[in-house]
Each structure stands twice: as structure tokens, then as C-alpha cells.
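Next come the chains, spelled out residue by residue.
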Amino acid sequence: MRFFACLILLGMSGAAFPALAFAQAGDQDWTQYRLVYDEPAAAWNEALPVGNGRLGAMVYGIPGRERLALNEETLWTGGPYDPTVEGGAKALPEIRRLLFAGDIEKAHDLFGRTMMGVPYEQQKYQPFGTLWLDFPGHEAATDYSRELDMDAGTVRIRYSVDGTTFTRTTFSSEPSQVLVMRLEASESAALNFDVTLHGVRNPAHSNYGTDYFRMDGLGPDTLRVTGKNSDYLGVTGALTYEGRLTARAEGGTTDVDYRTLKVRGANAVTLIFAAATSFVDYNDTSAAPAARVAAALDGVAGVPYATLKAAHTEDHRRLFRRVWIGAGPSASSPLMTDDRLAALDSIPDPGLFALTYQWGRYLLMASSRPGTQAANLQGIWNEDPNPSWDSKYTVNINLPMNYWPAETANLPELAEPLYELIDDVSETGVSVAREHWGADGWVLHQNTDLWRAAAPMDGPSWGAWPVGGAWLVTHLIERDRFDSDPAFLERWYPVVRDQALFLSEILVEHPDTGWLVTAPSNSPENFPAYPGNGRYFDETSGLFLKGRMMQPGPTMDNHIVRAVFAGFLEWSSRMDADPVLRVEIAAQMDRLPPNQIGRQGRLQEWLEDWDDVEPEHRHLSHLWGVYPGEEISPDATPAFADAASVSMDLRGTGGCGWSYAHKVGARARLHQAAEGEEQLVRYLADNVLPNLFSRCGRTLQVDGSFGMTAAIGEMLLQSDRGVLEVLPALAPTWSVGAVSGIRARGGFTVGLEWQGGEATRMSVLSREGNPVELSGIDAREVWSDGNRVRFRRLDSGGIAFDTKPGASYEVTVRK
């Protein structure tokens, strides 16, 4: 009622929303951000995740036999290795000659024989172990509930057995670096259960594997698992690891029978799990996991559960409560989360859009923190020693997409692990650039792993793509556009410069057009339907493939190269550095291939107007310049924007979860609200798991969850072209809503309220004091600190005004 009254005072009616961006958290309803279920998870794809960026668990919530699948982010196969092949670049001139002559089959095979890294594949992310809790007699539980509270960062299970209510609360604490499970009962002395801590070994390696683990009991209240990781692809396993679980019982007893921890007659129990490996960095595995685990457990020794939880909650909410987002209630709002997903086709549920937005933020907080590794294909959660695509870092969309929401969703520091990964591959990629491409600078291809392998892998169809590092560098350039920091510029300028140098040196003149192109390359991961391309047996991968991907100068490469070159030119000018290279690159930019429109009216994906072997292919690589890039837009390049729209129409609705996220973001950039909502609904109805994780095929992946958060943000606010565009592609069914705390380029934090699909109020915090231009809001007045602010009305219909650092501005609308 408080919120409703607030909106009535503003002359509004309908659903109620909190005050704008800088209201106190007490004025906002945070209880809506929960995943709720009335049944336990029947499989890993239904379990609920907790994580602190490093240590994660999937909680099943089974009354009779609880299961927690455990992960520690640095447990991978193998050890430090370098897949660089000396002298690989010797064949590059012949590969290019064959490619330009149209003999793609021979160019493809020669690349496979000479330029692939060795080994051809990379290392795998591994599960750490499994925690089992057995509760005799709890199989017949009633009044069951299971929920993930995104605002609290906890998973809670509650049920009844014979009149006694049992509650389990689980979280992974970043301040304490431990996983915590609290078990409570409504009756005294009611907790009786057994605990075992299992290791994981790769069953595919059978008795020939080199990994091992050992399970031990220690004293009356502790279990331990120790082990070594596996060799893989001829790379020696160099990691050791340890995990330790301790039980603190309040009342009753604890005892360890060999390697089973037995709790009897307790009133409440706190289980604390710590884990570590010997990983230091991609070149060093000399750490002592036992010492690391001991330090974590010593750090929480004697700390009451309430204090542990309070520290976790404070840390979690410091990040999570930066953004509030909401929609009016729908008929589906009271339903279980899986039922809401099932009902979406028949019942509009914009509140589910808001939940999806916050879900991506929750997952990024749980899988990527300063000082941790970057989030991989599955974040930090993985149950399979042989996970799909090795659960590594796929660079041709998935890894970048993991970090699309970091800036706009107000979690910028959570991208630091990505920046550190970039720093690592800017070192390992030097030898690959030199030996495989004959170039200075550094390169990363379409994948990397914990050990920062940078060479081409998998096969020529995927590996012949030299702009992976360039795409990652655009994240550094974007970071600077959101918050200009001279120290950040100085720290990362050499990495950006050396990537621009690499691109500059590998560009080659196309003999037919005179354009400067990347060659060889491909448009991930699409097969052009040039004459004769079709199913064939690839000698490098040993697989039958649908076609060959290799082409010179694909559209995606041109977009990325232009973005990196433009960023370098700006940064080098601001740094007053490398003037000669600046002149050379500025000249090269003018010779890059332009965008082209094909005979079907679509944006061409390749230099020639080929059709697709797979017309509804999951990748939208040639639309990089629409989103996440900014080269194509309805205002600046309307013809190419229309062609991009045709491209998406022809691709249809389908693909992996991350494909939907890319489509929603691109539709938003094209200001196509209805089409964007259609893709968003199809994503939620067809391409998420019951626990809201994005999926690719049957595999849980985090990329689509992150990407959809960013895409929903693009529906609400865009700032890629120097203007804050308000509600540029608002989903039509989300006619009433509010958001606060989202970030824009230029150093702004924004709050919005809308009714009937139109903005009714806006707040802007200026972090840096830059001038601001707004569009999409019918502004009447601008106020700051009780004073009316002068603004200019623009021919475009927007307004512009000057700001002061740290000042907040409220924009009211004309009625």
C-alpha cells in the first residue's frame, strides 16, 4: 500500500513500485526474487546453485538422502602446458593462396596439418566431490518446500516428519571462503543423520586413469577427501586437492565411524566445508591445499552460525541490492517456478522477466568474484568428469556473453576475473601469434582453459578464427566507456595495443577486392553454402562434418577488428603513445571490408553472398555489429539495420539458450520490442531448465542466463551510441514496471518507472559529471537537490543537460 500511495501522489495508477534508484532498500520488495518448488530435485539439472565465486554446490533438497554436488573452480585435468607448434606459420602463405583461389578443401586440410595446436583439444573442468546426508525415516516427508532466495544468497529446504519441522539452509560464503549448511528442527534432539564425503573419479578413464582420491574420517566431527587430478591428452595431471567437512552440533553427539560422520540427538547442526587445490596460476601448481583448507577452517573456528550468516548476507546484498526491478503482478506470480515456466505460453508473466534478469545477476555473483577464475561454460557448477564441451572457456560467444551484464547490471567488479584471464592469454598468446601467424602481439582462438592454451583447437572449422582475443579486448574498451579511470587505461593499454598490433599484422589484401581481410578465418560456427560445400570427413577431428567453415574476412571479424582498432586509436591518443602505429591502423581501417546486403535483403555473413547450410543456425556471428557491438543501428545505418532484421527473420526462433539471448539483445538494439519479447518467451518456455539455468541441448550452461540479463537490460535502457535511450524496446506485456540502479556508459546510474509502456519518471546519478543526453522520455522538468536544472530540447525529441560529479537528477514527464 505504501508503494501504491506513492504512485498515486505522482498522478499514476495501477501496480505499485518503489521509489527510484537511490531509495532505501527497506522501501523495496526483495522477496519476489525467489525460485520456489514443492518437490525435491530429481536430477542435477533441477538442483539449486550456491557459490562464492570459487566454491560452489548444487543442492538437491531430498529429505531422506540429501545430496550436494561440490565444485572448486581450479580443479581441472592436466597441468601447465603449451600447445604452440613452432614454425606453423610457414604454411600460412600457401593456405591463403588456396583460400583466395577457392580451393577451400586443401586450405582447410593444410591448416589442420600445420597450424593446429598440439594437442588438438584442451583440458576439462572437473567435479570435486559429493556430500551425502542420510536421514532415516524422512522419506515420507510432508509439507515440503524448496527455494533459492536470490536476495539472501541461500537455498532453503523445509518439510515435516511426524509433526516435526526440519529446515536446511545452505550458502557459500565469500567472506569466510567456506560452504555452510545449517540444519534445524522444531523439536529438541530431533536431528539424527549420517554424513559421507565422496570424491569423484573419471569413469571413462577406468583403471587406466591417473586421478585418484582418498576418503578419511578425522576425529569425532570431521571428514576429509584428498586426491590428485587426471592426466589428459598427454598432459600430466599436476594438481592435488583437499576438501574437509566439519560438524558443529548443538546438543546431542557427533562421531566418525571410519569415514561416516554420525550425528545423534542434536537440536541444530552447522556443517562447514572448505576445499582447495594446489593451483597458483597457469604456470604454477605449487600451493599446499591442506594449508589452504586449514586456514579457511581456522578462520571460522568459534564463529557462531549467526555471525557467519550475517557476514555472508551483508556481502551478498552489498552487490545484489544495487539493482531492483519489477513488474505488475500476474496470475502466474503465486505459482511454483517450474509451473510459471510451463504457463508462460498461455499467461503473460512479465514478473518472470524481472526474475530472469536478477537470476543472471545472482549467478554472476556466485561464479565470478575478484580474485577468482572467470566463469566457465557452466559457471562453477559441474557434476560430470567429461562435461559437454569440457566446461571450459569458449570464446566465440559463450565466455564474452558471461560478462555482458557486468556493466549494465551494476556488477562491474565481477568482470575482474575476465580481465585477468585476458592478461594471462595476452602472455600465452605471444608465442602462438609468432609461431602460428608470424605476427607480433598476441592471439587467442576459439577456446581456452585453466592453463590458458591459446592455439587453434578442435579442428580447422573452429580453430581457424584469430579474433578471439580481439573480442575479449572489447570488454576492456567497454569498461572504460562506463567508468573512465586513468589507472585502468594505463594498466590495460599495452594489452589493447598488442592485440591491435597482431590484427594489423595478420590482415592481408584480398586479391579480388583490395580489402584487408583476416585469412584464414570463419564465421562461428556456420557453414557457408558455397558450391560443393557439404558433408565430408575431416581428417583433423576424425568426424563427419556438415561442411567447411573456412572463409576470408567474414563479417564478424570485420566488426570486431573495427571495434578494436577504434578503441586502440582512442586509447593511444589519450595516452599520447605509439603515434606511428596509430597512423598505420587508421589507414588500415579505411580498407576493411564494408557491410554488404545480399540478394535476399539480409546482411551478408561472408564476403560473397552465400546461403547457409543450416538456415536456422544457432549463431548470429555476422550480427556482432548490432549487438554486442554498435556498428549497426536503426538511426545511424538504417539500411543495414533492416538487413540485420531480415537475417534474424530468416534464422527463425530456435537454437541454444545463449542464441536466444543474442537474438533478444539484437532485437532490442533494433528497437523491435514485440520480436524481442517473442524470443524471450520462447527462451523461458523452451530453453531453460526447471532451475532457470539456460540450456544448450540437454546441457546446463550459464551463458544464456547471463546473456538474457544483459538483453533484458537492453530492452529498458541503451547507451551504446552516446545517448541514454529510455525503454527503447520494452516488451509489450511489460506495460507497468520499474527498475533502479542500472548503469549506462558515460558514468551514469539510472532508475526508471513506466506505465502503459511509457516512462513516467527517471532518475540519473552522474558518477563523473559528464553531460547527458536522453531520448525516449517526454521530459517536463529536471530537478537536482531541490533545484530546477536547465536543459536543452533537441531536434530528435530528446533533452540534454550538464551534470556534476556525484549529483542526482530527477526527470519528470509531461502529462
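The written sequence of each chain sets the order in which its residues are numbered from 1. Given that this is a predicted model, residues contribute local features only at a pLDDT of at least 70 and side-chain atom pairs are listed and counted only at 80 or more, while totals for whole chains, interfaces and linings are drawn from all residues. Computation of side-chain values covers all heavy atoms of the structure but excludes hydrogens and water.

## Thoughts on the overall build of the protein
For step 1, the next point in the chain: Labels follow the DSSP assignment, with helices taken as runs of H or I lasting at least four residues and strands as runs of E lasting at least two, numbered in each case from the N terminus. When helices and strands are tallied, the protein shows 19 helices and 36 strands.
For step 2, the next point in the chain: Principal-axis analysis of the C-alpha atoms gives the protein an extent of 80 × 75 × 50 Å.
For step 3, the next point in the chain: Each of the 815 residues in the protein was classed as buried or not, and the buried ones make up 63%.
For step 4, the next point in the chain: Whether two residues touch is decided by their heavy atoms; if any such pair falls within 4.5 Å, the residues are in contact. A sequence separation of at least 24 residues applies to 70% of the contacts in the protein between residues at least 6 apart.
For step 5, the next point in the chain: His is not counted, nor are the chain ends, whereas Lys and Arg count as positive and Asp and Glu as negative. Working definition for charges: the position is that of NZ of Lys, CZ of Arg, CG of Asp or CD of Glu. Each charge class in the protein can be summarised by its mean position, and for the 71 positive and 105 negative side chains these summaries are 2 Å apart. Relative accessible area decides the class of each residue, using a 1.4 Å probe on protein chains only: under 20% of the type maximum gives buried, over 50% gives exposed, and in between gives partly exposed.

## Regarding the sheet that holds strand β30 (residues 758–766)
For step 1, the next point in the chain: One open sheet holds the seven strands; their spatial order is β17-β28-β29-β30-β36-β32-β33, and the pairing between them is antiparallel. The open sheet is flanked by β17 (324–327) and β33 (787–788), the only strands paired with a single partner.
For step 2, the next point in the chain: In the sheet, β30 pairs with strand β36 (residues 808–813) via five bridges, with the strands oriented antiparallel. Looking at β36, one finds that Val764 is bridged to Tyr809. If DSSP finds at least two bridges between two strands, the strands pair.

## Overview of unusual backbone geometry
Excluding glycine, residues mostly carry a negative phi; peptide bonds, for their part, are mostly trans.
For step 1, the next point in the chain: In this structure, Pro119 follows Val118 across a cis peptide bond, with omega equal to 5°.
For step 2, the next point in the chain: Here the bond from Ala519 into Pro520 is cis, since omega is 0°, no more than 30 degrees from zero.
For step 3, the next point in the chain: Of note in this structure, Ala189 is not a glycine but carries a positive phi near 60°.
For step 4, the next point in the chain: Looking at the secondary structure, you find Ala189 in the loop between β9 (178–185) and β10 (191–199).
For step 5, the next point in the chain: The partly exposed category is assigned to Ala189, whose relative accessible area is 40%.
For step 6, the next point in the chain: One non-glycine residue, Asp458, lies in positive phi territory at about 75°.
For step 7, the next point in the chain: Position of Asp458 relative to the elements: it lies in the loop between β19 (447–448) and α11 (460–463).

## Regarding the pattern of salt bridges
Close approach of charged atoms allows side chains of opposite charge to pair.
For step 1, the next point in the chain: Salt bridge, as used here: a side-chain nitrogen of Lys or Arg that lies within 4 Å of a carboxyl oxygen of Asp or Glu. Taken as a whole, this structure holds 62 salt bridges when the rule is applied.
For step 2, the next point in the chain: Among the ionic pairs, Lys228 bridges to Asp231, the shortest N-O distance being 3.7 Å.
For step 3, the next point in the chain: Here Arg682 and Asp686 are joined by a salt bridge, their closest N and O atoms 2.7 Å apart. With Arg682 and Asp686 both in helix α18 (residues 673–686) and four residues apart, the pair spans about one turn of that helix.

## What to know about the sheet that holds strand β16 (residues 268–277)
For step 1, the next point in the chain: Spatially, the nine strands line up as an open sheet ordered β1-β6-β7-β8-β9-β16-β13-β12-β11, and their pairing is antiparallel. Of all the strands in the sheet, just β1 (34–37) and β11 (212–218) have a single pairing partner and so form its edges. Each strand of the sheet is rotated relative to its neighbour by a mean of 15°, with strand direction disregarded.
For step 2, the next point in the chain: Examined bridge by bridge, β1 and strand β6 (residues 142–149) share four bridges and lie antiparallel to one another. Counterpart to Tyr37 in the pairing with β6 is Arg146. Each axis is a line fitted through C-alpha atoms, and for a helix only the stretch in contact is used; angles between axes span 0 to 180 degrees, taken between their N-to-C directions.

## Points about the pairing of strand β32 (residues 779–784)
For step 1, the next point in the chain: Pairing of β32 with β36 involves four bridges; the strand directions are antiparallel. Directly across from Glu781, in β36, lies its bridge partner Thr812.
For step 2, the next point in the chain: Note that β32 and β33 share two bridges and pair antiparallel. Looking at the pairing, Ser784 lines up with Asn787 of β33.
For step 3, the next point in the chain: Where β32 folds back on β33, the antiparallel hairpin that results is connected by two residues, among which Asp785 adopts a positive phi of roughly 55°.

## Concerning the state of the cysteines
Structurally, a disulfide amounts to a covalent bond that connects the sulfur atoms of two cysteines.
For step 1, the next point in the chain: Any two cysteine sulfur atoms within 2.5 Å of one another count as a disulfide. Summed over all chains, the structure comprises one disulfide.
For step 2, the next point in the chain: What pairs with Cys656 in a disulfide is Cys696, and their sulfur atoms sit 2.3 Å apart. Residues Cys656 and Cys696 are joined by a disulfide whose S-S torsion is about 40°; by sign, that bridge is right-handed. Highlighted residues: Cys656 in the loop between α16 (638–651) and α17 (657–669) and Cys696 in strand β24 (residues 694–696), separated in sequence by 40 residues.
For step 3, the next point in the chain: Judged by its relative accessible area of 10%, Cys656 falls in the buried class.
For step 4, the next point in the chain: Overall, the relative accessible area of 7% leaves Cys696 in the buried class.

## Brief notes about the environment of Arg113
For step 1, the next point in the chain: Of note, Arg113 is situated in helix α3 (residues 104–114).
For step 2, the next point in the chain: Judged by relative accessible area, which is 61%, Arg113 ranks as exposed.

## Focus on the packing of aromatic side chains
For step 1, the next point in the chain: Two aromatic rings, drawn from Phe, Tyr or Trp (for Trp, its six-membered ring), form a pair once their centres lie within 6.5 Å of each other, and the interplanar angle then sorts them: stacked below 30 degrees, edge-to-face above 60, tilted otherwise. Counted by the stated rule, this structure contains 28 aromatic pairs.
For step 2, the next point in the chain: With centroids separated by 6.3 Å and ring planes inclined at 45°, the aromatic side chains of Phe488 and Trp492 adopt a geometry described as tilted. Of this pair, Phe488 and Trp492 both sit in helix α13 (residues 486–506), four residues apart, which is roughly one turn of that helix.
For step 3, the next point in the chain: Looking at Trp492, the relative accessible area reads 4%, which means it is buried.
For step 4, the next point in the chain: Cluster of aromatic residues (ring-pair linked, three or more members): Trp359, Tyr362, Trp381 and Phe693.
For step 5, the next point in the chain: Lying over the aromatic face of Trp132, Arg65 brings its terminal NZ or CZ to 4.1 Å of the ring centre. Note on criteria: charge over ring means Lys NZ or Arg CZ within 6 Å of the ring centre, with the direction from the centre no more than 35 degrees off the ring normal.

## Quick notes on the confidence of the model for the protein
For step 1, the next point in the chain: For every residue, the predictor assigns a confidence score, pLDDT, that lies between 0 and 100. The predicted model of the protein averages 95 in pLDDT, with 96% of residues at 70 or higher.
For step 2, the next point in the chain: pLDDT under 50 marks residues 1–26. Its contacts with residues more than four places away, or in other chains, come to 61 contacts.

## Let's talk about the nonpolar core
For step 1, the next point in the chain: Buried residues of nine kinds, namely Ala, Val, Leu, Ile, Met, Phe, Trp, Tyr and Cys, make up a nonpolar core once their side-chain atoms join them within 4.5 Å. Ranked by internal contacts, the top residues of the largest apolar core, which has 229 residues, are Leu684, Trp734 and Met762.
For step 2, the next point in the chain: Here this core gets eleven residues from one element, more than from any other, and that element is helix α7 (residues 350–367).
For step 3, the next point in the chain: Grouped together as the second largest cluster of nonpolar side chains are twelve residues, Phe171, Val180, Ile272 and Ala274 included.

## Some points on the pairing of strand β4 (residues 65–72)
For step 1, the next point in the chain: Extensive coverage of β4 is indicated by the burial of six of its eight residues.
For step 2, the next point in the chain: Remark: five residues form the turn of the hairpin made by strand β3 (residues 55–59) and β4, two consecutive strands paired antiparallel; Gly61 in that turn has positive phi of roughly 75°.
For step 3, the next point in the chain: Pairing analysis gives six bridges linking β4 to strand β5 (residues 129–134), with the strands arranged antiparallel. Residue pairing for β5: Arg65 is matched across the bridge by Asp134.

## What to know about a negative patch on the surface
For step 1, the next point in the chain: Residues Asp38, Glu39, Asp338 and Asp339 make up a contiguous surface patch of negative charge.
For step 2, the next point in the chain: When you line up the elements, Asp339 lands in helix α6 (residues 337–343).
For step 3, the next point in the chain: The exposure class assigned to Asp339 is partly exposed, which follows from its relative accessible area of 38%. Note on patches: the residues involved have over 30% relative accessible area and no salt bridge, like charges join within 9 Å, and the nonpolar side chains Val, Leu, Ile, Met, Phe, Trp and Tyr join within 5 Å. For every accessible area listed, the method is Shrake-Rupley and the probe measures 1.4 Å; residues are considered covered only by the protein chains on display.

## Considerations on the side chain of Thr812
For step 1, the next point in the chain: With respect to the helices and strands, Thr812 occurs in strand β36.
For step 2, the next point in the chain: Look past the residues within four positions of Thr812 in its chain and what remains in contact with it is Asp778, Ala779, Arg780 and Glu781.

## Some words on the side chain of Arg96
For step 1, the next point in the chain: Counting through the fold element by element, Arg96 comes out in helix α2 (residues 92–100).
For step 2, the next point in the chain: Salt bridges are absent for the buried Arg96, whose nearest opposite-charge side chain, Glu505, sits at 9.7 Å.

## Examining helix α19 (residues 703–716)
For step 1, the next point in the chain: Working rule for helices: expected span equals 1.5 Å times residues minus one. The terminal C-alpha atoms of α19 lie 20 Å apart, and with 14 residues this matches the ideal 20 Å at 1.5 Å per residue to within 8%.
For step 2, the next point in the chain: Among the 14 residues in α19, 14 count as buried, and that is most of the element.

## Quick look at the environment of Leu472
For step 1, the next point in the chain: Checked against the element boundaries, Leu472 lands in helix α12 (residues 468–482).
For step 2, the next point in the chain: The contacts of Leu472, once residues within four sequence positions are left out, are Val395, Leu399, Pro400, Leu418, Leu421, Ile422 and Leu444.

## Observations regarding the packing of helix α10 (residues 416–437) against α13
For step 1, the next point in the chain: α13 packs onto α10 with a crossing angle of 25° between their chain directions and a minimal axis gap of 11 Å. Between α10 and α13, the interaxial angle falls into the category roughly parallel. Our pair here, α10 against α13, has a crossing hand that is left-handed. Note on element contacts: α13 touches α10 through Phe488, Arg491, Trp492, Val495, Phe502 and Ile506, opposite Tyr419, Glu420, Ile422, Asp423, Ser426, Ala433 and Trp437.
For step 2, the next point in the chain: In this count, Pro and Cys sit with the nonpolar residues alongside Ala, Val, Leu, Ile, Met, Phe, Trp and Tyr, while Asp, Glu, Lys and Arg are called charged and the others, Gly among them, polar. Tallied by class, the residues present in the contact of α10 with α13 amount to nine nonpolar, one polar and three charged. Our angle categories are set so that under 35 degrees counts as roughly parallel, over 145 as roughly antiparallel, 65 to 115 as roughly perpendicular, and the remainder as oblique. Left-handed is the label given to a crossing in which the near helix is rotated counterclockwise from the far helix by less than a right angle, and right-handed is the label when the rotation is clockwise.

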